[in-house]
Amino acid sequence: MAADLVEESKAEIVAALPRRKGSLPRGPVPFTKRERELRKQVKSAVGGVSEAISILGNEPSLGLFRLQEHIRKSVPPVVECKEHFVEVGAEIKGACYDADYAESTIAHMKTVEQFSLIQEHLNKAIALKDGLNKGATNSKGELDSIIQSMAYI
């Protein structure tokens, strides 16, 4: 780097010296190969920085656009799923109510006396039917006694 500065200083001093007749005209000194390369590198670096600043300046709006696009695509299925869950929840709530009501009804049925009487009469009727099927009532007298006992049921 120091050698570069020395070279540049020499070039400036030579440019400032008075010229003899017949020498190169005064004015801007033509760039050396090294200076042209350096200018090219500086231009590309400045261009890259400029592009990076431009991208960073537009990045938030691009990010918001992507976010908006994502929301636009993903929210309708989520809303549909939520509506489905609400419907299923209502159905489950109704089924739970029905099950609780059935349980309380069955518990109440055990305390009703008429159901126990019905059960008793059904058992008697089944026993009489079994007796008839076995042929135990071959005589007319036995059949009349069975019919009379059924009348009291």
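Residues numbered from 1 in each chain as written. Predicted model: local features only at pLDDT ≥ 70, side-chain atom pairs only at ≥ 80, totals over all residues. Heavy atoms only, no water.

Chemist: If you had to explain the overall build of the protein to someone new, which residues and values would you point to?
Modeler: Across its full length, the protein holds four helices and zero strands. Reading the protein from its N end, one meets helices and strands in the order α-α-α-α. A buried classification covers 1% of the 153 residues belonging to the protein. When the accessible area of the protein is evaluated, it comes to approximately 13,900 Å², of which 64% is carbon and sulfur surface. (Helix = DSSP H or I, 4+ residues; strand = E, 2+ residues; numbered from the N terminus. Buried < 20%, exposed > 50% of the residue type's maximum accessible area, 1.4 Å probe, protein only. Areas by Shrake-Rupley, 256 points an atom, 1.4 Å probe, with all protein chains shown as cover.)

Chemist: Break down the confidence of the model for the protein for me, citing the residues and quoting the values.
Modeler: Of the residues in the protein, 68% reach a pLDDT of 70 or more, and the chain-wide mean stands at 77. Of all the helices and strands in the protein, helix α1 (residues 2-16) carries the lowest mean pLDDT, 60, while helix α2 (residues 33-111) carries the highest, 87. (pLDDT = per-residue confidence, 0-100.)

Chemist: Describe the packing of aromatic side chains, listing the residues and the values that go with them.
Modeler: Using the criterion set out here, one finds one aromatic pair in the structure. Between Y97 and Y101, the aromatic rings sit 6.5 Å apart at their centres with planes inclined by 15 degrees, giving stacked as the arrangement. Placement of both Y97 and Y101 in helix α2 is noted, with a separation of four residues, approximately one turn of the helix. Judged by its relative accessible area of 57%, Y97 falls in the exposed class. Of the residues examined, Y101 reaches a relative accessible area of 53% and is grouped as exposed. (Phe/Tyr/Trp six-rings, centres within 6.5 Å; stacked < 30°, edge-to-face > 60°.)

Chemist: Report on α2, specifying residues and quantitative values.
Modeler: The end-to-end C-alpha distance of α2, which contains 79 residues, comes to 112 Å, matching closely the 117 Å that a straight helix rising 1.5 Å per residue would cover. Bending of α2 peaks at approximately 40 degrees at the position of E59, with proline P60 no more than four residues after it. (Expected span 1.5 Å × (residues − 1). Bend = angle between axes of the 7 residues up to and from the residue.)

Chemist: Can you tell me about a nonpolar patch on the surface, naming the residues and giving the values?
Modeler: Together, L64, L67, I71, V75 and V79 give the surface a local cluster of nonpolar side chains, amounting to about 430 Å² of exposed area. Mapped onto the elements, L67 comes out in helix α2. (Patch = residues over 30% accessible without salt bridge, like charges linked within 9 Å, V, L, I, M, F, W, Y side chains within 5 Å. Salt bridge = Lys/Arg side-chain N within 4 Å of Asp/Glu carboxyl O.)

Chemist: Describe a negative patch on the surface, listing the residues and the values that go with them.
Modeler: Judged by side-chain charge, E80, E83, E87 and E91 come together as a negatively charged surface patch. For E83, a relative accessible area of 49% gives the class partly exposed. (Lys, Arg positive; Asp, Glu negative; His and termini not counted. Charge placed at Lys NZ, Arg CZ, Asp CG, Glu CD.)

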